[in-house]
Amino acid sequence: MGGRGIGCLAGVLVLVLGAGGCEAWALTRRDAGGPEKTAASYFAAWSNGDLSRMRGLVAHAPDGFVAWHKDLTSGLSVMSVALAPDPVVRTGTDSARADFTVTRNLAGHGDWTFRSTLLLRRHGHRWRVQWTPGTLYPGLKDESTSWTLRNVKAPAVAFVAADGSSLPGGSLDPYVSALDDTYGDSGDDDSDGETSSWAVEVQQGSAPPQRLKVFGGHPTRTIHTTFDLRVQKAAERALIGAPPGKAAAIVAVRPSTGEILAVADRLGGRGAFVSSYPPGSTFKVVTAAALMAKGGLSPSSAADCPSVVVTAQRTIHNHEGTAAGGATLADAFARSCNTTFAKLAVDRLAPGGLADTAAAYGFGAPVLTGAGGSYRDFPDVAPGADLAESAIGQGRVQATPLLMASVAAAVEDGTWRPPRLLPASMLKPAGGDSPPEPHDVPSADALRAMMRRVVTDGTASSAGLPPGTSGKTGTAEYNDSGASHAWFIGFKGDLAFSVFVQQGDSGPKVAAPMAAVFLRSL
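Quick notes on the rules
- Residues numbered from 1 in each chain as written.
- Predicted model: local features only at pLDDT ≥ 70, side-chain atom pairs only at ≥ 80, totals over all residues.
- Heavy atoms only, no water.
- Helix = DSSP H or I, 4+ residues; strand = E, 2+ residues; numbered from the N terminus.
- Expected span 1.5 Å × (residues − 1).
- Buried < 20%, exposed > 50% of the residue type's maximum accessible area, 1.4 Å probe, protein only.
- Arc of directions from axis to C-beta.
- Contact = heavy atoms within 4.5 Å.
- Salt bridge = Lys/Arg side-chain N within 4 Å of Asp/Glu carboxyl O.
- 1 Å grid on protein atoms, 1.4 Å probe; cavity = no way out; pocket = protein on both sides within 12 Å on 5 of 7 lines; lining within 4 Å.
- Points joined across faces, edges and corners; volume = space filled by probe spheres on them.
- Nonpolar A, V, L, I, M, F, W, Y, C, P; charged D, E, K, R; others polar.
- Axes fitted to C-alpha atoms, helices over the stretch in contact; angles between N-to-C directions.
- Left-handed = near helix turned anticlockwise from the far one by under 90°.
- Pairing = 2+ DSSP bridges.
- Phe/Tyr/Trp six-rings, centres within 6.5 Å; stacked < 30°, edge-to-face > 60°.
- Parallel < 35°, antiparallel > 145°, perpendicular 65-115°, else oblique.

Undergrad: Can you help me understand helix α15 (residues 444-457) in this one?
TA: For an α-helix, 3.6 residues make a turn, and residues three or four places apart therefore share a direction. Taking 1.5 Å per residue, 14 residues should reach 20 Å; α15 reaches 20 Å between its end C-alpha atoms and fits that length. Within α15 the residues assigned to the buried category are A444, L447, M450, M451, V454 and V455. The buried residues of α15 all sit within an arc of 145° when viewed along its axis, so they share a single face. Against α9 (284-293), α10 (329-334), α14 (401-413), β17 (470-477) and β18 (484-491) lie the buried residues of α15.

Undergrad: Would you take a moment to explain the pattern of salt bridges for this structure?
TA: Pairing between side chains becomes possible if they bear opposite charge and their charged atoms approach one another. Inspection of the entire model under this criterion finds 14 salt bridges. R115 serves as the salt-bridge partner of D86, at 2.5 Å between the closest nitrogen and oxygen. Highlighted residues: D86 in the loop between β1 (78-85) and β2 (89-92) and R115 in strand β4 (residues 111-123), separated in sequence by 29 residues. A salt bridge links D445 to R448, with the nearest nitrogen and oxygen atoms 2.1 Å apart. With D445 and R448 both in helix α15, this residue pair falls 3 residues apart, about one helical turn. Overall, D445 belongs to the exposed group, its relative accessible area being 59%. Residues joined in a network through salt bridges with shared partners are R97, D99 and R266.

Undergrad: It is not clear to me how empty space enclosed by the protein should be interpreted in this structure. Could you clarify?
TA: Empty space left among the atoms is revealed by rolling a probe the size of a water molecule over them. On inspection of all chains with the given rule, the structure shows 2 cavities of 30 Å³ or more. What lines the largest cavity is a set of 22 residues, and nearest its centre among them are G362, V367, S374, Y375 and L403. Considered as a void within the structure, the second largest cavity measures approximately 30 Å³ in volume. Every residue lining the second largest cavity is listed: V253, P255, G258, S406, A409, A410, R417 and P419. When the residues that make up the lining of the second largest cavity are grouped by side-chain class, the tally is 5 nonpolar, 2 polar and 1 charged.

Undergrad: Looking at this structure, how should I read the packing of helix α7 (residues 229-239) against helix α16 (residues 507-520)?
TA: Look at α7 against α16: their axes get within 8 Å of each other, and the N-to-C directions meet at 145°. As for how α7 packs across α16, the hand of that crossing is right-handed. Residues V231, A234, A235, A238 and L239 of α7 form the contact with α16, whose own contacting residues are M514, V517 and F518. Split into classes, the residues belonging to the contact of α7 with α16 amount to 8 nonpolar, no polar and no charged.

Undergrad: Help me out: how do you make sense of helix α11 (residues 338-348) in this one?
TA: Considered for burial, the residues of α11 that qualify are N338, T339, T340, F341, A342, L344 and A345. The secondary structure elements touched by the buried residues of α11 are α9, β13 (308-311), β14 (314-317), α10 and α13 (385-391).

Undergrad: How should I be thinking about the sheet that holds strand β11 (residues 248-253) in this particular structure?
TA: Within a beta sheet, neighbouring strands are joined by backbone hydrogen bonds and run either parallel or antiparallel to one another. Strands sit in the order β12-β11-β19-β18-β17 across an open sheet of 5 strands; the sheet is antiparallel. Sheet topology places β12 (260-265) and β17 at the edges, where each strand pairs with a single neighbour. Shown here is a sheet whose adjacent strand axes are inclined to one another by a mean of 10°, direction ignored. The pairing of β11 with β12 spans 5 bridges and is antiparallel. Bridge pairing in β12 places A252 opposite A262.

Undergrad: Can you walk me through unusual backbone geometry in this structure?
TA: Generally, phi is negative for residues other than glycine and the peptide bonds are trans, each holding for most cases. For H60, which is not a glycine, the phi torsion comes out positive at approximately 55°. You can see H60 is positioned in the loop between α4 (51-56) and α5 (65-75). The backbone of S443 sits at a positive phi, close to 70°, despite the residue not being glycine. Turning to its location among the elements, S443 is positioned in the loop between β16 (439-440) and α15.

Undergrad: Help me out: how do you make sense of the packing of aromatic side chains in this one?
TA: All told, the structure shown has 19 aromatic pairs when counted by the stated rule. Judged by centre distance (4.6 Å) and plane angle (50°), the ring pair of W112 and F114 falls under tilted. Overall, the relative accessible area of 0% leaves W112 in the buried class. One aromatic cluster in this structure is built from Y42, F43, W46 and F100.

Undergrad: Where do I start with the packing of α14 against α15 in this structure?
TA: Packed helices, taken two at a time, are described by the angle between their axes plus the distance between the axes. Running from N to C, α14 and α15 point in directions that differ by 110°, and their axes come no closer than 7 Å. As far as their axial angle goes, α15 and α14 are roughly perpendicular. Where α14 crosses over α15, the two elements pack in a sense that is left-handed. Across from A410, V411, E412 and D413 in α14, the residues of α15 making contact are A444, L447, R448 and M451. Looking at the contact of α14 with α15, its residues break down into 5 nonpolar, no polar and 3 charged.

Undergrad: Is there a simple way to explain the environment of G269 in this structure?
TA: If you trace the backbone, G269 turns up in the loop between β12 and α8 (271-274). For G269, a relative accessible area of 9% puts it in the buried group. Sequence separation between G269 and S171 is 98 residues; the distance between their C-alpha atoms is 8.1 Å. Beyond its immediate sequence surroundings of up to four residues, G269 is in contact with P174, Y175 and Q210.

The analysis is restricted to geometry; functional conclusions fall outside its scope.
Structure below.
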């Protein structure tokens, strides 16, 4: 044996006691300090204002990397930055994340504190930061951005959690600011410019400015929101499990009242309330309700589930080519058979029947939460291919995470109730709309059992959801390449929720496990 081989053998004899011979030595070299070292270096450079060093730790840093940081600092008159990182969590062989709290002192006017995430990835032998604008503030997109620190009148109202506790910053800031705009008696001070409050605003591209945080002043009264901080913390914790670089949101609602208990939102601004996406197979809750209420079917009705079906000159595929012969409607729902629901909708439902059921479950209802929200009428679906696509939550069907949480809540309670952040008596009509009235929804009893089967032996059975959970997975294609958003909606007791991951790929593999973390954190 040559000297080279003896050297490796000696290495094995020494290293086997630690991590397993030459292979472990090579792995250690390949890990090169790990993501922990890179994250620590990046946070240290950030704390010291060393933008050059920060840029050097970023993989493929964008041309505007330095400008992004300088524009925020100058626009908000940042005097200091304090960072408090959590321990690095490895999310895969070559990926990791470090959630952190950042506090910026804004020219002596106040401290702005929120949570964000540093993403890391292995590149060859080195770990590098995967920087996105969302590292600076969750939900920022890669487009022109301007920051403003504005004088505003001192807020007369402090919004607090349901139990009177102070609300945390971060996800809730845009929602509290929206509440303040309508109910807080605050606004721009055009009288003499001398005010005791300040507001952080950001404008991206051509979108209107968004107010992210109002601080300062001495409110003279408090308003209790419906937020439950225990549920909010669990939702924020679960959001950490979103795939690196993917925006996500979790909304939780109390079915018996319509109270919104939590909004963990990294979609940007009030994305969970105002941004619409195809709901994919989560919409089969509505389609199944229509098939049972208007199509003459029951959960035990025969419902074939081939891997591919052609209906109304439209070829429909099941996700990952699954198929089930001799299935019932309940079986097809648990296995999320696109082919079943597309064909049954064309054969058994008129477009108006599906639209009426969607309206019963909240599609097209005014959204008067107290912090705003957008709504769209269910599309004017044509018979045939348009109806087939709509029945599986594709085509022109769109929904917000808030709307899909209220769909799950309606199934659990049997009554659809308008979601709200304030006592119903306080809500002010917007644009002439009055709050919609609660009403019974069709097929809720049958759907509760069908959604339970999704968790016990259907598409969510391997997600780790706790006993007593019911739900529906969704994988919603949003372009011709087959790229998909990930959804899971469900309920457990008097708690309903939706989990949405933008470009998350798979509802069963991504969104449902996040729902499990959320529920198990309560």
